[in-house]
Amino acid sequence: MWRWDGLVTAADAPAPAAVRLEQRNRLEALRDQLADARATLDRAERDHGEAQGAVRAAEAGEADARQSRQAADRAVADARRAQTQAEREAARRAAAAARLAERQQRLDADAADLAEQRRALDIRAATVPDLAALDRALAEAKAAADRKRAELADARARADALAAQGAARERRLAAIKTERADWDRRADRAAGHLTGLEERLAKTARDLAIYAEPPADLDDQRRDLIARIEAASAERSSAGDALAAAETAKAEADAALKEREGQLAAARETHVRLEANADNASARRRQLAHECGERFACPPSHLPQTMDVGDPDDLPEAAAMAERLDTLKSRRERMGAVNLRAEEELREVAEQRDHLDGERADLEAAIHRLRQGIGALNREGRERLMAAFEQVNRHFADLFTSLFGGGEAHLALVDSDDPLEAGLEIMASPPGKRLQSLSLLSGGEQALTALSLIFAVFVTNPAPICVLDEVDAPLDDANVERFCDLLDHMVERTRTRFLVVTHNAVTMSRVSRLFGVTMPERGVSQLVSVDLDQAEAMAASV
């Protein structure tokens, strides 16, 4: 049976009553299985609880064992450190004993030498004459030596003056020799010049004697020369006129020649241009005939009848047709060739646009998340910075007051409302002074203020080791005592080990151990350390 709502019943389907009976029997069986499963679950939960108790007991035992092992490891480490320290101490004591033995040997040798020298001095003292006479003789010898020294000084002064005068005279003599050589060279040149002048004077006198008497035929020669000059001038004038006429004729001939050559060149250019136009027209006619044959399948003479253009005399002007043809060709070229892949390319461009849109959306989402992350980091950074700033500021104020014995100081954020971009200004007011910037304090006050800030940072975030290099150099003895008291307070408060590089005796007297470099032998450096606490204990026991 098929019903409109989709119910399908086969012919051999069981009856509803049989189905309900089967389901009821199945339900009873499932209830029995559920009771067994619950009993099994209860047993499993009890076993699980017992197992968890055993696991907890085992974990507790394991934790105890780990603590015992850690304690044993610490004990072993302490024992090893103690052993290492004992070995170092034994080695140091052995080295000190060896040095002491070597020093004792040197002292014994020095003592023997001193004893020998003492015996020799005793022997010499037995043979020494009267000391009063020796003193008088010594005084007289000293007086004589003083006189001799005075005479020697005077003699040296006179010798130095004479040496200076001799050097000056030698320099003056050398200068005189140089000047004399220059004057000798000048005299030689003047003598040569004088000889030349004398020769020129003799030659001039001879010429003057020759030209003193004029020749007898001088007037005849002068008249002849004047006549010849006048004849030459006339010939020159006639030759100039002829040359000018010839140059004028030549210029006119050159002008006519240039005009004829220009006309010939223009005619040649016109001929060449006409030949070129004829060749172009012939080529164009052949090309048009070829295009007409290809496009219209007829010669140009049959084109009007083939295209049915009517009377050839009524055709538009060729220039207008050519202009229209050029316009149509340019429009066709602007349209471009037919793209058969335009649809496919459009689809590819659309896909690329969708892909780029998706990437842009991803980038915008990433930028948004990144900005949110940056904002969260900035907020957290501001919170942490302000919390650390408050702690450091509080410790700085306390340490400043303790170090200066009064006054007040604080840190201030300047130049911006944002803590991440603001600068830090240290404001300090030592006892008896007004509140001012760190740069306006003295050198010692600046050093103590800076130490207060450094130690405030260490109190806020303690470190195992701190190295201070010559920080007590600008401090006087009273401030050095305050600095050492602050160091002791910091050691007790932060358990930090401070390594202080210093030359101040007060600071070195307050530390627990001193390290230095000595040179027992020339060119050999040796590191030396002294435990002041142990030394004080040894001194107290002695």
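Please read all numbers here as calculations on a predicted model, not as lab measurements.

1. Notes on the sheet that holds strand 2 (residues 423-429)
The three strands lie next to each other as 1-2-3, forming an open sheet whose pairing is antiparallel. Because the sheet does not close on itself, it has two edges, and the strands there are strand 1 (408-414) and strand 3 (436-437). Examined bridge by bridge, strand 2 and strand 3 share two bridges and lie antiparallel to one another. By the bridge assignment for strand 3, Ala428 is matched with Gln436. On top of the sheet, helix 6 (residues 342-404) reaches strand 1 and strand 2; it is set at about 155 degrees to strand 1, its chief contact.

2. What about the layout of surface pockets?
As a volume, the second largest pocket reaches approximately 940 Å³. Of all the secondary-structure elements, those providing two or more residues to the lining of the second largest pocket are helix 8 (477-494), strand 5 (497-501), helix 9 (505-510) and strand 6 (513-521). The element best represented in the lining of the second largest pocket is strand 5, accounting for five residues. Looking at the lining of the second largest pocket residue by residue, the class counts come to twelve nonpolar, five polar and seven charged.

3. Brief notes about helix 6
Compared with the 93 Å implied by 1.5 Å per residue over 63 residues, the 87 Å span of helix 6 between its first and last C-alpha is a close match. Buried within helix 6 are the following residues: Gly375, Phe389, Val392, Asn393, His395, Phe396, Leu399, Phe400, Leu403 and Phe404. Turning to helix 6, the residues buried within the fold contact strand 1, strand 2, helix 7 (443-460) and helix 8. The first or second residue beyond helix 6 is Gly405, which carries a positive phi of 70 degrees.

4. Side note on unusual backbone geometry
Phi at Glu470 is positive, roughly 55 degrees, even though this residue is not glycine. Position of Glu470 relative to the elements: it lies in the loop between strand 4 (465-469) and helix 8.

5. Section: the nonpolar core
Within soluble globular proteins, side chains that are nonpolar generally end up buried alongside one another. Within the largest apolar cluster, 32 residues are counted, with the highest numbers of intra-cluster contacts made by Phe396, Leu411, Phe455, Leu468, Phe483, Met490 and Phe498. Listing elements by their share of this core, those giving two or more residues are helix 6, strand 1, strand 2, helix 7, strand 4 and helix 8. Element by element, the count of residues in this core is highest for helix 7, at eight residues.

6. Quick look at the packing of aromatic side chains
All told, the structure shown has four aromatic pairs when counted by the stated rule. Taking 5.7 Å as the distance between ring centres and 85 degrees as the angle between the ring planes, the aromatic pair formed by Phe455 and Phe498 counts as edge-to-face. Of this pair, Phe455 sits in helix 7 while Phe498 sits in strand 5, placing them 43 residues apart in sequence. Both residues of the pair, Phe455 and Phe498, count as buried. Relative to Phe498, the ring of Phe458 lies with its centre 6.3 Å away and its plane at 50 degrees, an arrangement referred to as tilted. Of this pair, Phe458 sits in helix 7 while Phe498 sits in strand 5, and the two are 40 residues apart along the sequence. Taken together, the ring pairs in this structure connect Phe396, Phe400 and Phe404 into an aromatic cluster.

7. Remarks on the pairing of strand 4
On strand 4, burial follows the alternation: Cys466 and Leu468 on one face are buried, whereas Ile465, Val467 and Asp469 on the facing-out side are not. Bridge analysis of strand 4 against strand 5 gives five bridges, and the strand direction is parallel. From the neighbouring strand, Leu468 faces strand 5, where its bridge partner is Val500. The parallel pair strand 4 and strand 5, bridged by helix 8, forms a crossover whose chirality is right-handed.

About the thresholds
- Residues numbered from 1 in each chain as written.
- Predicted model: local features only at pLDDT ≥ 70, side-chain atom pairs only at ≥ 80, totals over all residues.
- Heavy atoms only, no water.
- Pairing = 2+ DSSP bridges.
- Helix = DSSP H or I, 4+ residues; strand = E, 2+ residues; numbered from the N terminus.
- Contact = heavy atoms within 4.5 Å.
- Axes fitted to C-alpha atoms, helices over the stretch in contact; angles between N-to-C directions.
- 1 Å grid on protein atoms, 1.4 Å probe; cavity = no way out; pocket = protein on both sides within 12 Å on 5 of 7 lines; lining within 4 Å.
- Points joined across faces, edges and corners; volume = space filled by probe spheres on them.
- Nonpolar A, V, L, I, M, F, W, Y, C, P; charged D, E, K, R; others polar.
- Expected span 1.5 Å × (residues − 1).
- Buried < 20%, exposed > 50% of the residue type's maximum accessible area, 1.4 Å probe, protein only.
- Core = buried A, V, L, I, M, F, W, Y, C linked by side-chain atoms within 4.5 Å.
- Phe/Tyr/Trp six-rings, centres within 6.5 Å; stacked < 30°, edge-to-face > 60°.
- Right-handed = clockwise from strand over helix to strand, strands pointing away.

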